[in-house]
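This is what each chain is made of:
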Amino acid sequence: MPEAVQKRNRKRPGSSQAGPKAKKAHAEKPDVKGKKRSQPVTAPPRYEDEEESSADEEVFEDGLEGDDIMEEDAVPEAAAQSANKDPNAARESHKAQKVLQEQRKAAKPHSSLLIEAKRAWGLARQKNISKTERAKHVHALMNVVRGKVHEIVFKHDASRIIQTVVKYGGQKERNEIAIELKGKYKELAQSKYSKFLVSKLIRFCPTHRTSILQEFQGSILRLVLHREASSVLADAFELWGNAYERSLLLQDFYGKEATLLTMTQGSEQEKENSKKGLKGLLEGVEPERRKRVLSAVQGNLTTIFNNSDKGAVSHALVHRVFWEYLCAINELEDVAEREKLRREMFESCQDTLAEIVHTKDGSRVVREFIAQGTAKDRKQIVKTLKPHVERMCKDDEAQLVLFTALDIIDDTKLTGKSLVADIVASASTLYTSPQGRRSLIYLVSPRTRRHFTPAQINLLAETDAARSQTSKKDDKLRTEEVCKAASESLLSWITKNGADIMRDPGGSLVVTEVMLYSEGDKSAASESLLNLLAAPYPSSDPANPHIITLPHASRVYKTLLQGGPFSHDTKEIVRSPLFSSADFANQFVGIVGMENTLAMARDDGAFIVAVLCERAAESDELRKTLKGWFTAELRKELEKEKDRRGRTVLLQQIASLS
């Protein structure tokens, strides 16, 4: 037997030596309850070590004794060789290892405490127990660790035990632990294991949150660049802190001078002042001090961007400071100085802009650079964002950056090739989400109140003033060119995939907007949509109902036959100049045919057929055709059930054909 094989077979590993079980695949991991930080568009979707993650606990449980396992190299060579010769020798060798292992455990600090705590912990963390029973076990566990938390919490297994107390315990137990760990939070936040405990205490102990965050002051910049501690600060800022608590995390970025002058005692007045951030700090400040503070902020931000590999660039905490800095330099009276400072910051972060677009403040920063930048700057920004267009379309904040680029950049050939083409190419994956639908609709119908809230429109309008000074092209012309760049591909997409899109409630909204407001020949897309109506009615397959029976699809055909949407402000139909409802009505008659049209008139499609008859007033040929379809006998049949939905309106329109 080869020597390598002999070495591999010298010892049969025991069950405790087989190593931890394989981790569960994340692909089918259920959504974690509770708030989560927004994720950068530059990173693929991933699951972090969240506090409530049951997968973490399972992995940890399987590998709990991993540190206590004897190394295979520690087995004496002679014992291993004899194990191959004598079957009983392996058993004796294993017993010897177990004895040695127990001795090593007993020699460790707090060994008896940890053994007892693990026993209670195993009961407290069970999933299928009542709340009362869990509370009893947590209380017993707390009695074991009380007074010793600060001594054992840095151990990976003990840290998980204390987290269980915080997660399932009452507020009394949580506050006890928070008080006992006072003065150690900065050290805990930098630990690979105990950082999760700090995040839990920040979340579950609001009365101690301020004191915990104050322990970080003076080291915020270093902690934000720390591999472990940065996530603690990011969670505290983005998920759990109030305005005052967030301001505590920002003060270090303003420089040492500002930190010394803004240290508060916690009074209500001081809290209100601190909430104003950098703007409040600079109010009424002499020019020289303002210059020093802005220089300190710029230096700290530059440090963050120069260490982009640390991950701090993507944190909302950094984005807030960045946005406050840009707002502050916009207040400077010296235009040359203002442009100089903005240019310096842009050059330091231009390659990492895609990592900050996913937060509200980060999105504002990038939109400000687009609005204030030169044509060369805008081209660089588009180049940086291009690989991430699809992810940006699906993010509430990041998509505003794309919309601003389409609104401001004069080079529509650049935006057409780099942004519009990528958005349309991803249409099949975008129309299923509200964010993705807005990205598609914005190409043909920007800032429409039908699909964009007043808050979103106001956010986009923030850069309008700068656009009027930095962009030369007429706004209407730019919008038309963007629409033209997207229209052909969108219409082609509807032509090919109309059946699937129309069955999705959200997809039907996109179809309506594209058909009404895109440019170009829409006959092929109209034919694709009308072919769905030409299918046998009613459908013989309950699992695949006829398209007209779907309320959202029915609204699409009604809107297209009307020529536009109904305005609740004017109480009228707002007809689109880019869509011919008369042509659509003629195609309707030719493709759907008499049999299906009359069947729909008798059933779910009464309103659709009523609008079709209304369009007949614009064409003598269409009116003559429809009049021939609705015979006196059919009218009598329809009049027998006047109370049915849409029947009265339909009869009125049929009467107008005469």
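The coordinates are above.
In this report, the structure presented in the accompanying data block is examined. (Residues numbered from 1 in each chain as written. Predicted model: local features only at pLDDT ≥ 70, side-chain atom pairs only at ≥ 80, totals over all residues. Heavy atoms only, no water.)

### Section: the overall build of the protein
When helices and strands are counted, the protein shows 39 helices and two strands. Residues counted as buried form 48% of the 658 residues belonging to the protein. Counting only contacts in the protein whose residues sit at least 6 apart along the sequence, the fraction spanning at least 24 positions is 70%. Of the roughly 33000 Å² that the protein leaves accessible, carbon and sulfur atoms contribute 50%. (Helix = DSSP H or I, 4+ residues; strand = E, 2+ residues; numbered from the N terminus. Buried < 20%, exposed > 50% of the residue type's maximum accessible area, 1.4 Å probe, protein only. Contact = heavy atoms within 4.5 Å. Areas by Shrake-Rupley, 256 points an atom, 1.4 Å probe, with all protein chains shown as cover.)

### Looking at the nonpolar core
Within the largest apolar cluster, 178 residues are counted, with the highest numbers of intra-cluster contacts made by L201, F216, F322, F369, Y557 and F630. Contacts of L201, omitting those with residues within four sequence positions, involve V166, R174, I177, A178, L181, Y185 and I212. (Core = buried A, V, L, I, M, F, W, Y, C linked by side-chain atoms within 4.5 Å.)

### Focus on helix α37 (residues 620-629)
Of the positions making up α37, those classed as buried are L622, L626 and W629. Down the axis of α37, the sector holding all buried residues measures 50°, keeping them to one side. Opposite its buried face, α37 presents the exposed residues D620, E621 and K624, each directed more than 90 degrees away. On its buried face, α37 is in contact with α35 (581-602), α36 (606-615) and α38 (632-639). (Arc of directions from axis to C-beta.)

### Section: the side chain of T412
Within the secondary structure, T412 is located in helix α26 (residues 412-425). The exposure class assigned to T412 is buried, which follows from its relative accessible area of 13%. Here the side chain of T412 touches E481 through a polar contact of 2.7 Å, side chain to side chain. Contacts of T412, omitting those with residues within four sequence positions, involve K473, R478, E481 and V482. (Polar contact = N/O pair within 3.5 Å; in protein donor to acceptor, adjacent residues only side chain to side chain.)

### Things to note about the environment of D377
You can see D377 is positioned in helix α23 (residues 375-385). In this structure D377 comes out as buried when scored by relative accessible area, which is 9%. With 31 residues separating them along the chain, D377 and F346 place their C-alpha atoms 8.7 Å apart. Residues in contact with D377, not counting those within four places in the same chain, are R343 and F346.

### Let's talk about the pattern of salt bridges
Counted by the stated rule, this structure contains 30 salt bridges. Linking R342 and E339 is a salt bridge whose minimum nitrogen-to-oxygen distance equals 2.9 Å. Here R342 pairs with E339, and both are found in helix α21 (residues 335-349), just three residues apart, close to one helical turn. Its relative accessible area of 5% is what places R342 among the buried residues. The exposure class of E339 is partly exposed, given its relative accessible area of 36%. Here E618 makes a salt bridge to R575, at a shortest N to O gap of 3.2 Å. With E618 in the loop between α36 and α37 and R575 in the loop between β2 (572-573) and α35, the pair connects residues that are 43 residues apart, well separated along the chain. For E618, a relative accessible area of 42% corresponds to the partly exposed category. Bridged by salt links that share partners, the residues D407, D410, R447, D464, R467, D475 and R478 form one connected network. (Salt bridge = Lys/Arg side-chain N within 4 Å of Asp/Glu carboxyl O.)

### Observations concerning the packing of aromatic side chains
Counted according to the given criterion, the structure contains eight aromatic pairs. Ring geometry for F403 against F452: centres 5.9 Å apart, planes inclined by 85°, an arrangement best described as edge-to-face. Here the residue F403 occupies a position in helix α25 (residues 398-408), and F452 occupies one in the loop between α28 (434-444) and α29 (454-461), the gap between them amounting to 49 residues. Pair check on accessibility: F403 and F452 agree, each one buried. Of the aromatic side chains, those joined through ring pairs into one cluster are F305, F322, F346 and F369. Taking the ring centre of Y168 as reference, the NZ or CZ of R134 above it sits at 4.2 Å. Across the ring face of F204, the terminal group of R174 is positioned such that the distance to the ring centre comes to 4.4 Å. (Phe/Tyr/Trp six-rings, centres within 6.5 Å; stacked < 30°, edge-to-face > 60°. Lys NZ or Arg CZ within 6 Å of the ring centre and 35° of its normal.)

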